[in-house]
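The chain contents come next:
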Amino acid sequence: MDNPKTTDAGLCSPAPVGSLLPCPFCGKDAELKHSIVFHSPVVRCSMCPGTMGTEYGQHFDTDEAAIAAWNRRANNNLTVG
Ligand SMILES: [Zn+2]
């Protein structure tokens, strides 16, 4: 389980488990789930249909990868400064 794969060359430091950013769409809390169908971690908004994971056409090997992808997308949607 200690083998996080970086499927993305530009991936920086993955976010630690439990540090999910709020949903980029509605701002509500996101939840880390595990798809029993695809056997893959999925980050899903608790309020709106915002999802990052297999149901979004992506597959993550680790929780960290799913969280990092969710957080990175959230960051990309925010204009800082
Ligand atoms: Zn949402």
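Residues numbered from 1 in each chain as written. Predicted model: local features only at pLDDT ≥ 70, side-chain atom pairs only at ≥ 80, totals over all residues.

Counting secondary structure elements, the chain contains 1 helix and 3 strands. Scanning the chain from its N terminus toward the C terminus, one meets helices and strands in the order β-β-β-α. When each of the 81 residues of the chain is scored for burial, the buried share is 23%. When contacts within the chain are restricted to residue pairs at least 6 apart in sequence, those whose partners lie at least 24 apart make up 38%. (Helix = DSSP H or I, 4+ residues; strand = E, 2+ residues; numbered from the N terminus. Buried ≥ 20, exposed ≤ 12 C-beta atoms within 10 Å, placed from the backbone. Contact = placed C-beta atoms within 7 Å.)

Of all hydrophobic cores here, the largest spans 12 residues; its members are Cys23, Ala30, Val42, Val43, Cys45, Phe60, Ala65, Ala66, Ile67, Ala68, Ala69 and Trp70. Looking at this core, the elements with two or more residues in it are strand 2 (40-45) and helix 1 (63-77). With 6 residues, the top contributor of residues to this core is helix 1. (Core = buried A, V, L, I, M, F, W, Y, C linked by C-beta atoms within 7 Å.)

Time to look at the environment of Cys45. Mapped onto the fold, Cys45 is located in strand 2. Residues Cys45 and Ala30, spaced 15 residues apart in sequence, show a C-alpha to C-alpha distance of 4.2 Å.

Our next topic: the confidence of the model for the chain. For the chain, the mean per-residue pLDDT works out to 72, and 58% of the residues sit at or above 70. Scored below 50 in pLDDT, residues 6-17 shows 13 contacts in the model against residues more than four places distant or in partner chains. (pLDDT = per-residue confidence, 0-100.)

Attention shifts here to the pairing of strand 2. In terms of burial, strand 2 is a largely internal element, 6 of the 6 residues being buried. Of the two faces of strand 2, the one lined by Ser40, Val42 and Arg44 and the one lined by Pro41, Val43 and Cys45 are each fully buried. When strand 1 (residues 30-35) meets strand 2, the two strands line up antiparallel, connected through 6 bridges. By the bridge assignment, Lys33 is partnered in strand 2 with Val42. Taken together, strand 1 and the strand that follows it, strand 2, pair antiparallel across an intervening segment of 4 residues, in which His39 is found at a positive phi of about 60°. (Pairing = 2+ DSSP bridges.)

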